[in-house]
Each structure stands twice: as C-alpha cells, then as structure tokens.
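Coordinates in review
In case you want the letters, here they are:
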Amino acid sequence: MLTLKDSQGGFAGTTGSVWVIGADCRFTVARFINADVKEPHQRGQLTAKQQGILTALLADKAVANLPAAVGEPAPVNPHTITLEYAGKVSILHLAPGPSEAKRIMAEQTDSAARRLLQIAAGVKDLTGAPE
C-alpha cells in the first residue's frame with residue numbers, strides 16, 4: 001500500500017489531498033481539511049502498464065532509502081509532502097507555495113527532496129489527479 005499526502009498550512013488549518021494506492025492497485029484520491037478526509041473524488045484501478053511504471057519509479061528513486069524527514073517545517077503555512085510505503089514514512093518539508101518545489105526539481109542533484117517530489121509527481125500522473 002502506498003499513501004501520498006500533499007498538505008499546506010493556512011488560515012483554515014491544514015488542507016490538501018491524499019492519494020492511496022492499495023496492494024491490488026486500486027486507488028482513491030480525496031481532499032482533506034485537518035483530520036477530516038472527504039469522500040474520494042476519484043477512484044480507479046492502475047493498469048498493468050501503470051503498475052509497472054509505479055514499481056520502476058519506486059525502485060529508481062530508492063524509496064526504501066529515503067530518510068524519515070527532509071528539511072525543516074516552515075514556521076508559517078508549512079507545505080508538506082508525506083509518503084508512506086512498505087511500513088516506512090518519509091516527510092518532505094517545504095516553504096509555502098510552489099517556488100521551493102520548482103527550485104528543487106530544477107536541480108541536477110539526486111537529493112532525497114527531489115526524489116520525493118518525483119515520486120509524488122509520478123503518483124499524481126498515474127492516477128490522473130494532479131491535485
């Protein structure tokens with residue numbers, strides 16, 4: 001099972017989306033506000049080809065070797081990407097807004113932050129749910 005949560009702190013608390021891909025490769029995408037996860041607005045099943053892409057992505061980005069935390073939480077309106085996979089949790093702390101993620105993706109290094117962002121982008125792409 002894989003769970004990806006993309007959250008942003010703000011006036012209403014913490015809001016965002018959560019992607020869950022089960023062992024059978026069925027997936028759901030839902031929005032949340034604080035602890036209140038809404039009914040999934042998207043459901044589906046990864047095709048065999050998509051399953052292969054996901055497996056290759058997780059292996060290529062060495063998901064098993066990701067640290068528990070990358071970066072420091074922003075003091076105001078933190079942006080966080082959390083990946084849970086194979087019993088392990090990795091959290092990427094970003095500054096508010098998209099600029100830090102864009103900067104990390106533009107880097108040529110193979111940093112843990114960049115790998116987490118690439119996995120997040122891959123999951124969003126495979127489920128057809130960018131947000």
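In this report, the structure presented in the accompanying data block is examined. Note that the structure is predicted; figures quoted are calculated from it, not measured.

Quick look at the overall build of the protein now. Scanning the protein from N- to C-terminus turns up 3 helices and 8 strands. Each helix and strand of the protein, ordered N terminal to C terminal, gives the series β-β-β-β-β-α-β-β-β-α-α. By its C-alpha atoms, the protein is 40 × 35 × 25 Å across when sized along the principal axes. Burial analysis of the protein (131 residues in total) assigns 40% to the buried set. Once local pairs closer than 6 in sequence are excluded, the contacts in the protein between residues at least 24 apart make up 42%. With an accessible surface of roughly 7100 Å², the protein has 58% of that area assigned to carbon and sulfur atoms. For the protein, the separation between the mean place of its 13 positive charges and that of its 12 negative charges on side chains is 3 Å.

Using the criterion set out here, one finds 7 salt bridges in the structure. With a shortest N-O distance of 3.6 Å, Arg43 and Glu39 are connected by a salt bridge. Looking at Glu39, the relative accessible area reads 64%, which means it is exposed. Across the pair Lys61 and Asp60 runs a salt bridge whose closest N-O atoms are separated by 3.1 Å. Through salt bridges with shared partners, a single ionic network connects Glu100, Arg103 and Glu107.

Any pair of aromatic rings gets described here by the distance separating the centres and the angle formed by the planes. Scanning the entire structure with this criterion turns up 0 aromatic pairs. Here the basic side chain of Lys5 rests over the ring of Phe32, its NZ or CZ set 5.1 Å away from the ring centre.

Turning our eyes to something else, we now look at the side chain of Thr82. Tracing the chain through its elements places Thr82 in strand E7 (residues 79-85). A residue is classified by how much of its surface remains accessible, and Thr82, at 15% relative accessible area, is buried. The contacts of Thr82, once residues within four sequence positions are left out, are Thr3, Leu4, Lys5, Val89, Ser90 and Ile91.

Bringing the nonpolar core into the picture now. One finds Leu2, Leu4, Leu54, Leu83, Leu92, Ile119 and Val123 to be the most contacted residues of the largest nonpolar core, which totals 29 residues. Mapped onto this core, the elements with two or more residues apiece are strand E1 (2-10), strand E2 (13-21), strand E3 (26-33), helix H1 (48-60), E7, strand E8 (88-94), helix H2 (99-106) and helix H3 (112-127). Broken down by element, the residue count for this core peaks at 8 residues, all from H3.

Bringing the pairing of E3 into the picture now. Strand direction decides the pairing type here: E2 and E3, joined by 7 bridges, are antiparallel. Within E3, the position partnered with Thr15 by the bridge is Ile33. Counting the residues in the hairpin turn of E2 and E3 gives 4 residues, including Cys25, whose phi is positive at 70°. Where E3 meets strand E5 (residues 42-45), 4 bridges bridge the pair, whose relative direction is antiparallel.

Let us look at unusual backbone geometry. Positive phi outside glycine occurs at Ala62, with the angle close to 50°. Taking relative accessible area as the criterion, Ala62 reaches 23% and is therefore assigned partly exposed. Unusually for a residue other than glycine, Ala86 sits at a positive phi of about 55°. With respect to the secondary-structure elements, Ala86 resides in the loop between E7 and E8.

How each quantity is defined
- Residues numbered from 1 in each chain as written.
- Predicted model: local features only at pLDDT ≥ 70, side-chain atom pairs only at ≥ 80, totals over all residues.
- Heavy atoms only, no water.
- Helix = DSSP H or I, 4+ residues; strand = E, 2+ residues; numbered from the N terminus.
- Buried < 20%, exposed > 50% of the residue type's maximum accessible area, 1.4 Å probe, protein only.
- Contact = heavy atoms within 4.5 Å.
- Areas by Shrake-Rupley, 256 points an atom, 1.4 Å probe, with all protein chains shown as cover.
- Lys, Arg positive; Asp, Glu negative; His and termini not counted.
- Charge placed at Lys NZ, Arg CZ, Asp CG, Glu CD.
- Salt bridge = Lys/Arg side-chain N within 4 Å of Asp/Glu carboxyl O.
- Phe/Tyr/Trp six-rings, centres within 6.5 Å; stacked < 30°, edge-to-face > 60°.
- Lys NZ or Arg CZ within 6 Å of the ring centre and 35° of its normal.
- Core = buried A, V, L, I, M, F, W, Y, C linked by side-chain atoms within 4.5 Å.
- Pairing = 2+ DSSP bridges.

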